[in-house]
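Observations on the model geometry
Spelled out from the first residue to the last, the chains are:
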Amino acid sequence: MNHPAPTTDGLRPMTEIQIRQTRDYIDSLASVSETYWDMVSIGDVLSRELHITPELVILYADAVEDFNPWYEGWRMNTWRIPGESPFGGAVVPPLLVSHFVLSVQFDHTRPFAIGSIHTYHDSEILEPIPVGATVRITTRAIDKFIKRERRYVRHEVTVEDVASGTLYFRETRDILSR
Amino acid sequence: MTTTASADTPATAYRITPDTPVGYRLMGVKKKAAIQLMGSRLWGRFNPNHWDPVYAASTGLQAPIQTGEMSSAYIAEMCVNHFGADFFRNARVVCKYVASTLANEVITTHGVVREKAPKGRGYRFTVDIWADNEAGEKKTVGWIEVDVGV
């Protein structure tokens, strides 16, 4: 059965100018992109600090429609608040830092390797992270392998508190490269 | 939209305790793979596989696919509903994205207690978890481990 060709506005309404802006944006991404497989060498270590502000937590929680009040260090009308959770103040959703690993393992000083797909993670949530903490995310490329003719890159990850050194989170994760 | 508790049932009624038996079924959460969220700056804006039908087709995908981490977040939400504060300390989450979640699919998370191993004054629970679509096709599979009452 023939399917109609996909269109830029096939899943959401757009005017002609929105379609043009979208195509220009995607062309700009694709024109400078390498494959992730080629970007990474085994042994590569990348590390960045992330200040987990109340606004960042709200951005994440809203984007997965998770309205647990434990995560609220920011509230409309009041703005920044201490929040409440079983640990005292507001805490970070348990897998938020796992998402931001992406912004470390994909070297942010180089164009993003579009077309890559996250396929697996084995995550240890070791301690609750208070909203407002600054953490250091460190990734180490530990393997590149081919499985069923697909190319994967594996990383080990740690997330530590910059001020106290508390180890909050560890992870092993795989990315499928183009 | 969450489905963990009705308006007149406190969410704490679903909390897993040391007495919870093997075989207990967690109540999941249900979410729609909304293209507007999939293409947000937070999730997939920098990777058009996650929001552009034309680019996704050029890489062999049937439609834009949700980032796997969104499914993991849904599973984590289910786990916090059931394990509360215990899920934030010395827990483990293993997820494998076995099939793509396509735009507009409705995803439901699931969990079944597979094992509880004595630990300290309580137990370390192992729970099989997965997320599937309306047709029951699994998209994410894995397991979690959480200390309860330890």
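In this text the structure is predicted, and so the values were computed from the model without any measurement.

Right, let's talk about the overall build of chain A for a bit. Scanning chain A for helices and strands turns up five helices and seven strands. Element order for chain A, N to C, with α for helix and β for strand: α-α-β-α-β-β-α-α-β-β-β-β. If you line up chain A on its principal axes, its C-alpha atoms span 55 × 45 × 35 Å. Burial analysis of chain A (178 residues in total) assigns 33% to the buried set.

So, on to the overall build of chain B. Helices and strands together make up the secondary structure of chain B, namely three helices and six strands. When the elements of chain B are put in sequence order from the N terminus, they spell out β-β-α-α-α-β-β-β-β. Expressed as a percentage of its 150 residues, the buried residues of chain B come to 45%.

Every α-helix winds through 3.6 residues per turn, so residues three or four apart in the chain are directed the same way. Residues and elements named next belong to chain B. In this model, helix α3 (residues 68-83) (16 residues) spans 22 Å end to end at C-alpha, consistent with the 22 Å of a helix rising 1.5 Å per residue. For α3, the buried fraction is high: 16 of the 16 residues fall into the buried class. A positive phi of about 55° marks Gly84, the residue just after α3.

To continue, consider the interface of chain B and chain A. Taken residue by residue, the interface counts 42 residues in chain B and 40 residues in chain A. Tallying contributions element by element places α3 of chain B first for the side of chain B that touches chain A, with nine residues. A class-by-class count of the residues in the side of chain B that touches chain A yields 25 nonpolar, ten polar and seven charged. Looking at chain direction, strand β4 (residues 117-125) of chain A and strand β3 (residues 91-97) of chain B are connected through six bridges and run antiparallel. When the bridges of β3 of chain B are listed, Ser123 of chain A appears paired with Val93 of chain B.

All names here are of chain B. Where strand β4 (residues 106-119) and strand β5 (residues 122-132) come together, eleven bridges link them in antiparallel fashion. Opposite Val112, over in β5, you have Asp128 as the bridge partner. Relative to strand β6 (residues 138-148), β5 runs antiparallel, the two sharing ten bridges. Looking at β6, one finds that Tyr123 is bridged to Val148.

In this section: the confidence of the model for chain B. For chain B, mean pLDDT is 92; residues scoring 70 or higher make up 93% of the total. Every residue in residues 1-5 of chain B is under pLDDT 50, and counting partners more than four places away or in other chains gives 14 contacts.

Further remarks concern the nonpolar core. If you look at the biggest cluster of nonpolar residues, it comprises 70 residues, and the most contacted ones within it are Val97 of chain A together with Tyr74 of chain B. In terms of residue count, the dominant contributor to this core is α3 of chain B (nine residues). Beyond its immediate stretch of four places on either side in the chain, Tyr74 of chain B contacts Val64 of chain A together with Val29, Lys31, Ile107, Thr109 and Ala131 of chain B.

Turning next to unusual backbone geometry. A positive phi angle, near 70°, is found at Trp79 of chain A, a position not held by glycine. If you check the backbone angles, Asn104 of chain B has positive phi at about 80° while not being a glycine. Asn104 of chain B sits in the partly exposed class, given 13 other C-beta atoms within 10 Å.

A separate point is the pairing of strand β7 (residues 167-177) of chain A. All names here are of chain A. In the sheet, β4 pairs with β7 via eight bridges, with the strands oriented antiparallel. Residue pairing for β7: Ser123 is matched across the bridge by Glu171. As judged from the ten bridges shared by strand β6 (residues 150-161) and β7, these two strands associate in the antiparallel manner. The partner of Glu160 across the bridge, within β7, is Leu167. From the end of β6 to the start of β7, which pair antiparallel, there are five residues, and Gly165 there has a positive phi angle of about 80°.

Right, let's get into the environment of Thr59 of chain B. When you line up the elements, Thr59 of chain B lands in the loop between α2 (53-58) and α3. Considered as a pair, Thr59 of chain B and Asn49 of chain B are ten residues apart in the sequence and their alpha carbons are 7.8 Å apart. Setting aside chain neighbours within four positions, we find Thr59 of chain B in contact with Gly115 of chain A together with Asn49 of chain B.

Rules and cut-offs
Residue positions within a chain follow its written sequence, with the count starting from 1. Note on labels: chains are lettered from A, ligands numbered from 1, in written order. Where totals are concerned, whole chains, interfaces and linings use all residues; where local detail is concerned, this predicted model gives features only for residues with pLDDT of at least 70, and gives and counts side-chain atom pairs only at 80 or more. Segments assigned H or I by DSSP are reported as helices when at least four residues long, segments assigned E as strands when at least two residues long, and all are numbered from the N terminus. Each residue is classed by its C-beta neighbour count within 10 Å, where at least 20 other C-beta atoms makes it buried, 12 or fewer makes it exposed, and intermediate counts make it partly exposed; the C-beta atoms are placed from backbone geometry. By this rule, a helix spans an expected 1.5 Å times one less than how many residues it contains. Each residue gets a C-beta atom placed from its backbone, and two residues are in contact if those atoms lie within 7 Å. Gly falls in the polar group here, along with every residue not listed as nonpolar (Ala, Val, Leu, Ile, Met, Phe, Trp, Tyr, Cys, Pro) or charged (Asp, Glu, Lys, Arg). Pairing between strands requires that DSSP locate at least two bridges from one strand to the other. The pLDDT value expresses, per residue, how confident the predictor is, ranging between 0 and 100. Connectivity within a nonpolar core runs through C-beta atoms within 7 Å, and the core itself is a set of buried Ala, Val, Leu, Ile, Met, Phe, Trp, Tyr and Cys residues.

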